[in-house]
Amino acid sequence: ECVALRTSLKAAGADVVPSINDLVVKAAAVALREHPTANGAYRDGHFERYSRVNVGIAVAAEGALVVPTVFDADRKGLAEIAAQTRRLAERVRSGEITPPELSGGTFTVSNLGMFGVRSFEAVINPPQAAILAVGALEARAVVRERSVVIREQLDVELSCDHRILYGAEGAALLARIREILEAPMRLTL
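Residues numbered from 1 in each chain as written. Predicted model: local features only at pLDDT ≥ 70, side-chain atom pairs only at ≥ 80, totals over all residues. Heavy atoms only, no water.

Q: If you had to explain the overall build of the protein chain to someone new, which residues and values would you point to?
A: Along its length, the protein chain carries 5 helices and 11 strands. Taken over C-alpha atoms, the radius of gyration comes to 16 Å for the protein chain, in line with the 16 Å a tight globule of 189 residues would show. A principal-axis box enclosing the C-alpha atoms of the protein chain has dimensions of 50 × 40 × 35 Å. For the protein chain, the residues scored as buried account for 43% of the 189 residues in total. Put simply, 54% of the contacts in the protein chain that link residues at least 6 apart link residues at least 24 apart. With the model as given, the accessible surface of the protein chain reaches about 10100 Å², and the carbon-plus-sulfur share is 53%. (Helix = DSSP H or I, 4+ residues; strand = E, 2+ residues; numbered from the N terminus. Rg over C-alpha atoms; globule rule 2.2 N^0.38 Å. Buried < 20%, exposed > 50% of the residue type's maximum accessible area, 1.4 Å probe, protein only. Contact = heavy atoms within 4.5 Å. Areas by Shrake-Rupley, 256 points an atom, 1.4 Å probe, with all protein chains shown as cover.)

So this is what it looks like as structure tokens:
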């Protein structure tokens, strides 16, 4: 459904068409608002819950992995997130990113799909509670209504700091992200 949404936005002549990763960032932000424990940290032996949902996006730079932040991602529209992630990635690659743009993340999305990686386990950025690893979008054979059909799918994996976010809570967050991505039209509202 995310692929279909992007195709529709392109056909409609949208100024900025969100990438699949932009859709994941927005879905994660919405889910984090609904599951606030995942939007927390473990710092100096204490649990903190953040009031803002600031999603870090892992960007490969020359010899480094840099994580700029999309502040208040749960409150931004898809077009705004798409424009901002592109701008942040360009600033990372050009070496113009600033410390304020790299701070304040409350959760991170790391996507290796562009390298053809199907799935991986991402390492949490301390003191955050979790990180979402996003694999490659690929056509796969799946069963729908007792028939085999081809669908575009991707794998996502959640790494959690169990001092903050237990497995069942992490699973609930993942289930919500999946639900949102399977009906992404709601993200455009």
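Q: Let's hear about the layout of surface pockets: which residues, and what values?
A: Computed from the structure, the largest pocket encloses a volume of approximately 670 Å³. If you trace the largest pocket, you find 20 residues lining it, with Glu 152, Gln 153, Leu 154, Leu 181 and Glu 182 closest to the centre. Examining the composition of the lining of the largest pocket, we find that 5 residues originate from one element, helix α5 (residues 167-182), more than from any other. Its residues assigned to classes, the lining of the largest pocket shows 11 nonpolar, 1 polar and 8 charged. In this model, the second largest pocket occupies a volume close to 540 Å³. Listed by contribution, the elements that provide at least two residues to the lining of the second largest pocket are α2 (20-34), β4 (59-61), α3 (78-94) and β7 (107-111). Sort the elements by how many residues they give to the lining of the second largest pocket and α3 lands first, with 4 residues. When its residues are assigned to classes, the lining of the second largest pocket shows 14 nonpolar, 7 polar and 3 charged. (1 Å grid on protein atoms, 1.4 Å probe; cavity = no way out; pocket = protein on both sides within 12 Å on 5 of 7 lines; lining within 4 Å. Points joined across faces, edges and corners; volume = space filled by probe spheres on them. Nonpolar A, V, L, I, M, F, W, Y, C, P; charged D, E, K, R; others polar.)

Q: Pulling in residues and values, what's your account of the pairing of β7?
A: With 5 of 5 residues buried, β7 is to be regarded as a mostly interior element. Every second residue of β7 is oriented toward a common face, with Phe 107, Val 109 and Asn 111 on one face and Thr 108 and Ser 110 on the other, all of them buried. Sheet analysis places β7 next to strand β8 (residues 130-134), joined by 4 bridges and oriented parallel. Residue Ser 110 lies in a different strand from β8, and its bridge partner there is Ala 133. (Pairing = 2+ DSSP bridges.)

Q: Account for the nonpolar core, naming residues and giving values.
A: Grouped together as the largest cluster of nonpolar side chains are 40 residues, with contacts concentrated most on Phe 107 and Val 109. When residues of this core are assigned to their parent elements, the largest contribution, 9 residues, is made by α2. (Core = buried A, V, L, I, M, F, W, Y, C linked by side-chain atoms within 4.5 Å.)

Q: Could you give me a rundown of the sheet that holds β8, with the residues and numbers involved?
A: The 5 strands lie next to each other as β6-β3-β7-β8-β11, forming an open sheet whose pairing is mixed. The sheet is open, and its two borders are formed by β6 (69-70) and β11 (156-160), each paired with just one other strand. Judged from the 2 bridges that link them, strand β3 (residues 55-57) and β6 form a sheet pairing that is antiparallel. If you follow Gly 56 over to β6, its bridge partner there is Thr 69. Its contacts with the sheet place α2 against β3, β7 and β8, and it is angled at close to 155° to β7. Lying over the sheet, α5 contacts β7, β8 and β11, oriented at roughly 150° with respect to β11. (Axes fitted to C-alpha atoms, helices over the stretch in contact; angles between N-to-C directions.)

That's the geometry; what it means functionally is another story.
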